[in-house]
Amino acid sequence: MERYSILPNREIVLLKSTPCFWGKCIFCDYIKDNSTDTAAINRINREILNQVTGKKRALEVINSGSCFELPAATLSAIKEVIVAKNINKLYLESHWQYRSRLAAMRDFMEIPIIFKVGIETFDDDFRNKILNKNTHFHDVAEVRAYFDSPCLLVGIKGQTEEMISKDIELLIKHFNYGTVNVFTENTTAVQRDTELIKWFSNKYGHLKKYPDIDVLYHNTDFGVGERKENNNEQ
Ligand code: SF4
């Protein structure tokens, strides 16, 4: 498991955390990285954070859940690294249900935070009834009021070209930041739609021109995580 990487515009660490409060999204098996041993989590996270150099002045912290599931000592360690390495921009991830706590986290870290949220799709039925995401909002404006950067999921059987086109359109129109994760098959029963992914990569190759929209064709494209092989490489 790789837990530290450096991207063109930021460093990124994959930390360990306590269990995701929800843990029921049908496509998710990375919650297997969660632990209830807080002392071990803090020890491991300190070692990972020690690798941060501050070279890019920006740091992304991900964990298999929300940043609010990181123990307090880990949050303090992140803040120490921010100060020690002169970091001036932080990327964190949170489930929609923690939206009322984002402001407190912004206050605690004392530097600008790009908050990412796993929206997966703006199609409410697919997001909640199929993916079981437990993320209910009225419209894009409500998401934008809290979060800076939606994460979208592309290439799951049952998704349609229309659904994906609308998602990408909303992302570009309303947000400066975003992540598009092309689904990688994992230990869940969820299946990848390779035809849909081919269509997506042909139609949306131009997303590369948006420096703050990341398109990940593999779950390890950020250089962290555990490599899973796709049936049909893109
Ligand atoms: S909220 Fe995130 S970490 Fe939790 S089960 Fe869903 S995808 Fe997995």
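Located above this text is the structure these notes cover.
Here the structure is a predicted model, which means the values were calculated and not measured.

Turning to the layout of surface pockets, a few remarks are in order. Approximately 1,000 Å³ is the volume found for the largest pocket. Surrounding the largest pocket, 45 residues form its lining, Tyr30, Asn63, Ser64, Glu93 and Asn219 being those nearest its centre. Listed by contribution, the elements that provide at least two residues to the lining of the largest pocket are strand 3 (58-63), strand 5 (113-120), strand 6 (149-154) and strand 7 (178-182). Residue composition of the lining of the largest pocket, grouped by class: 17 nonpolar, 16 polar and 12 charged. What the second largest pocket holds in volume is close to 360 Å³. In this structure, the second largest pocket is lined by 18 residues; those nearest its centre are Lys208, Ile213, Asp214, Val215 and Leu216. When residues of the lining of the second largest pocket are assigned to their parent elements, the largest contribution, four residues, is made by strand 8 (residues 213-216). Grouping the constituent residues of the lining of the second largest pocket by class yields 11 nonpolar, three polar and four charged.

Next up on the list: the environment of Lys203. Mapping Lys203 onto the fold places it in helix 7 (residues 194-203). Using a relative accessible area of 41% as the deciding quantity, one classes Lys203 as partly exposed. Residues Lys203 and Ser165 lie 38 residues apart in sequence; the distance between their C-alpha atoms is 9.2 Å.

With that settled, consider the nonpolar core. Val13, Val61, Ile78, Leu90, Met105 and Phe200 are the most contacted members of the largest nonpolar core, which totals 50 residues. Every residue in contact with Met105, bar those within four places of it in the chain, is listed here: Cys67, Phe68, Leu75, Leu92, Ile113 and Phe115. Counting 12 residues, the second-largest nonpolar core is a separate cluster that includes Phe27, Cys28, Phe126 and Ile156.

All residues in the neighbourhood of the ligand are listed as Cys20, Gly23, Lys24, Cys25, Phe27, Cys28, Tyr30, Ile31, Ser64, Gly65, His95 and Lys133. If you map the ligand onto the pockets, it falls in the largest pocket. Class assignment of the residues belonging to the shell around the ligand gives a composition of six nonpolar, four polar and two charged.

Here the focus is empty space enclosed by the protein. Scanning the entire structure with this criterion turns up one cavity of 30 Å³ or more. Each pocket or cavity is described by its volume, and for the largest cavity that value is around 50 Å³. Taken together, Asn9, Arg10, Glu60, Tyr91, Lys116, Ser149, Tyr177, Gly178, Thr179, Pro211, Asp212 and Asp214 make up the lining of the largest cavity.

Our focus in this paragraph is helix 6 (residues 161-174). Note that an α-helix has 3.6 residues per turn; residues three or four places apart therefore point the same way. With 14 residues, helix 6 extends 20 Å between its outermost C-alpha atoms, agreeing within 8% with the 20 Å of an ideal straight helix rising 1.5 Å per residue. Looking only at helix 6, the buried set comprises Met163, Ile164, Ser165, Asp167, Ile168, Leu170 and Leu171.

Procedures and definitions
- Residues numbered from 1 in each chain as written.
- Predicted model: local features only at pLDDT ≥ 70, side-chain atom pairs only at ≥ 80, totals over all residues.
- Heavy atoms only, no water.
- 1 Å grid on protein atoms, 1.4 Å probe; cavity = no way out; pocket = protein on both sides within 12 Å on 5 of 7 lines; lining within 4 Å.
- Points joined across faces, edges and corners; volume = space filled by probe spheres on them.
- Helix = DSSP H or I, 4+ residues; strand = E, 2+ residues; numbered from the N terminus.
- Nonpolar A, V, L, I, M, F, W, Y, C, P; charged D, E, K, R; others polar.
- Buried < 20%, exposed > 50% of the residue type's maximum accessible area, 1.4 Å probe, protein only.
- Core = buried A, V, L, I, M, F, W, Y, C linked by side-chain atoms within 4.5 Å.
- Contact = heavy atoms within 4.5 Å.
- Near = heavy atom within 4 Å.
- Sits in = over half its atoms within 2 Å of the grid points.
- Expected span 1.5 Å × (residues − 1).

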